[in-house]
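An overview of the molecular structure
What follows is each chain in one-letter form.
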Amino acid sequence: MKINSINEITQAIKNFDIAALKELLDDNKPYQDVPKSLFLEKLEKKFNQARRDDCHSFDDVFFGICESCNKGCEGMTFLSNSGYYLDLFIESQDGEFADDIYVCNKLTNFTDLEKSIDLGFSFRKDEYYNFKPTSKYLIIKKEYNELLNQISEIEKPIKVDKLLNWYYNNFNYLSETINGFGPFECFDYNLYNDAYSLVCKVERVFEITQVKEQAIESLVDYHNCSTERERLIWFFKNQENLYGSIYFEFSENWKTDSIIFYEQEQVELELDITGYEYVIDYFLILDNLYDELIEKYKPIPVHFEDSKNGSIECSLENYLRLHNKYIDVVKKYGRKGY
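Let us look at the structure shown here. (Residues numbered from 1 in each chain as written. Predicted model: local features only at pLDDT ≥ 70, side-chain atom pairs only at ≥ 80, totals over all residues. Heavy atoms only, no water.)

**With respect to the side chain of glutamine 264**
What counts, and what does not: Helix and strand definitions follow DSSP, with helices as H or I runs of at least four residues and strands as E runs of at least two, each counted in order from the N terminus. Should any heavy atoms of two residues lie within 4.5 Å, those residues are counted as being in contact.
With respect to the element layout, glutamine 264 can be found in strand E11 (residues 259-264). Those residues in contact with glutamine 264 that sit more than four places away from it in its chain are Lys201, Arg204 and Tyr247.

Below you can see the structure in the form of structure tokens.
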């Protein structure tokens, strides 16, 4: 078998044949800037995605011109009759053997094609074959691993303020650096993406401490509301804190023992919220009011019949418009664009 033969590689991709590709591709070469094993692992996941929809191979191969990373060069579209497609550029010096293979993100075909479900994929920078971590990367990796290990061993229950002090005393660099990157820059690296996710989950707990003054004022305002209209205005004024209770679990006697549970993937905490019970009350009232209003003003069959495509955007503002209720309140206090 000829290693890296373009014709045989093309046929193997067309047939979703990972076993053949393992034989055809060079173990010592990177593909799409990552090791061969990782490239084929990602490709196989995409093939399996199509197989779940009863697509087990591509039906044809079409050519086109790359307008992005290899502008002006010829690429190819592997296309199934069901619309699954994969745009690839196979790099070759002699036109017979492949030196590299990677997904083409902007391929213009020579003929119009029915391309509907893209099986393309990409990799993050710390998956690259020649990736060399910086000192910052290594520090973040160390702190991320320490946080991941220590958060699972934290004392139970732990007071919210104690947890906050422990976190920022030990992982302030991780927090400041990751939050400084933001989600889009973090997405370029597996480590940064994982660290961002973990930091967000831990710091989500500290919202309890950040809204305590607003919670006091808002609770007083809520208990002064006597009509649905007033409660709706109150909701819109506090909507930024909607879903404040979403990751908490409550026992029947949480209001007397002040113990609640916080659970997200990787983070499970038993929290002593002594001194912050009213904040949780605020979150619960806000979330329950939203559920009550959404249920009361949910669309009825005639609304779906009158919609252009049979679907309706899910938002309280939109639901109220459908029922022609509190339109002035929606205009004045509702979220813009909803």
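Alright, that's what it looks like, and here's the rest.
**As for unusual backbone geometry**
Excluding glycine, most residues fall at negative phi; most peptide bonds, likewise, are trans. Across the junction of lysine 156 and proline 157, the peptide omega takes the value -15°, indicating a cis bond. By the secondary structure assignment, proline 157 is in the loop between helix H4 (135-151) and strand E9 (158-159). Of note, the phi angle at aspartate 33 is positive, near 70°, even though the residue is not glycine. With respect to the element layout, aspartate 33 can be found in the loop between strand E1 (30-31) and strand E2 (34-35). With a phi angle near 55°, asparagine 324 is a residue other than glycine that sits in the positive phi range.

**Some words on the sheet that holds strand E10 (residues 248-250)**
Backbone-to-backbone hydrogen bonds pair the strands of a sheet. The strands run either parallel or antiparallel. Where we set the bar: Pairing between strands requires that DSSP locate at least two bridges from one strand to the other.
Strand order in the open sheet formed by four strands is E9-E12-E11-E10, and the pairing between neighbours is mixed. Looking at which strands have only one partner, the edges of the open sheet turn out to be E9 and E10. Here E9 pairs with strand E12 (residues 267-272) via two bridges, running parallel. Looking at E12, one finds that lysine 159 is bridged to aspartate 272.

**Description of a nonpolar patch on the surface**
Counted only if it meets this: What makes a patch is a set of residues exposed beyond 30% relative accessible area and free of salt bridges, joined within 9 Å when like-charged and within 5 Å when nonpolar (Val, Leu, Ile, Met, Phe, Trp, Tyr). All accessibility values rest on the Shrake-Rupley procedure with a 1.4 Å probe; residue burial counts only the protein chains present in the view. Only one rule defines a salt bridge in this text: a Lys or Arg side-chain nitrogen within 4 Å of an Asp or Glu carboxyl oxygen.
On the surface, Tyr243, Ile246 and Tyr247 cluster together into a nonpolar patch covering about 280 Å² of accessible area. Within the element layout of this structure, tyrosine 247 appears in the loop between helix H10 (228-238) and E10.

**Here's the deal with the environment of asparagine 238**
To be explicit about the condition: Pairing of N or O atoms within 3.5 Å defines a polar contact, subject to two protein rules: one partner must be a possible hydrogen donor and the other a possible acceptor, and residues neighboring in sequence count only if both atoms are side-chain atoms.
Following the sequence through the fold, asparagine 238 ends up in helix H10. As for asparagine 238 and lysine 36, which are separated by 202 residues in sequence, their C-alpha atoms are 52 Å apart. Those residues within four positions of asparagine 238 in sequence are excluded, and the remaining contacts are Gln214, Ser218, Tyr282 and Leu286. Polar contacts involving the side chain of asparagine 238 include one to the side chain of serine 218, which spans 2.7 Å.

**Overview of the pattern of salt bridges**
Worth spelling out the cut-off: Partly exposed residues are those whose accessible area sits between 20% and 50% of the maximum for their type, while under 20% is buried and over 50% is exposed, using a 1.4 Å probe and protein chains only.
A full pass over the atoms with the stated rule returns 14 salt bridges. Of the charged contacts in the structure, one is a salt bridge between glutamate 41 and lysine 45, with a shortest N-O distance of 3.8 Å. Here glutamate 41 and its partner lysine 45 are both found in helix H3 (residues 36-51), four residues apart, which amounts to about one turn of the helix. Accessibility expressed as a relative area gives 42% for glutamate 41, which makes it partly exposed. Lysine 162 serves as the salt-bridge partner of glutamate 155, at 2.9 Å between the closest nitrogen and oxygen. With relative accessibility at 46%, the residue lysine 162 sits in the partly exposed group.

**As for the packing of aromatic side chains**
In this description, a pair of aromatic rings is defined by centroid distance and the angle of the planes. As a reminder, the rule being used: Each aromatic pair joins two rings of Phe, Tyr and Trp (for Trp, the six-membered one) with centres within 6.5 Å, and gets the label stacked for planes under 30 degrees apart, edge-to-face for over 60, and tilted for any other angle.
This structure, assessed with the given rule, holds 28 aromatic pairs. Measuring from ring centre to ring centre gives 5.6 Å for tyrosine 167 and phenylalanine 206, while their planes differ by 50°; the resulting arrangement is tilted. With a gap of 39 residues between them, tyrosine 167 in helix H5 (residues 160-181) and phenylalanine 206 in the loop between helix H7 (190-203) and helix H8 (207-210) connect regions that are remote in the sequence. Among the residues examined, tyrosine 167 registers a relative accessible area of 0% and is labelled buried.

**Quick look at the environment of leucine 40**
By the secondary structure assignment, leucine 40 is in helix H3. The exposure class assigned to leucine 40 is buried, which follows from its relative accessible area of 4%. Note: C-alpha distance between leucine 40 and leucine 21 (19 residues apart in sequence) is 7.9 Å. Apart from the residues within four sequence positions on either side, leucine 40 is in contact with Ile18, Leu21, Lys22 and Leu25.

**Side note on the side chain of serine 245**
The residue serine 245 is located in the loop between H10 and E10 in this model. A residue is classified by how much of its surface remains accessible, and serine 245, at 10% relative accessible area, is buried. In this view, serine 245 contacts Phe250, Phe283, Leu284 and Asp287; residues no more than four positions away in its chain are not counted.

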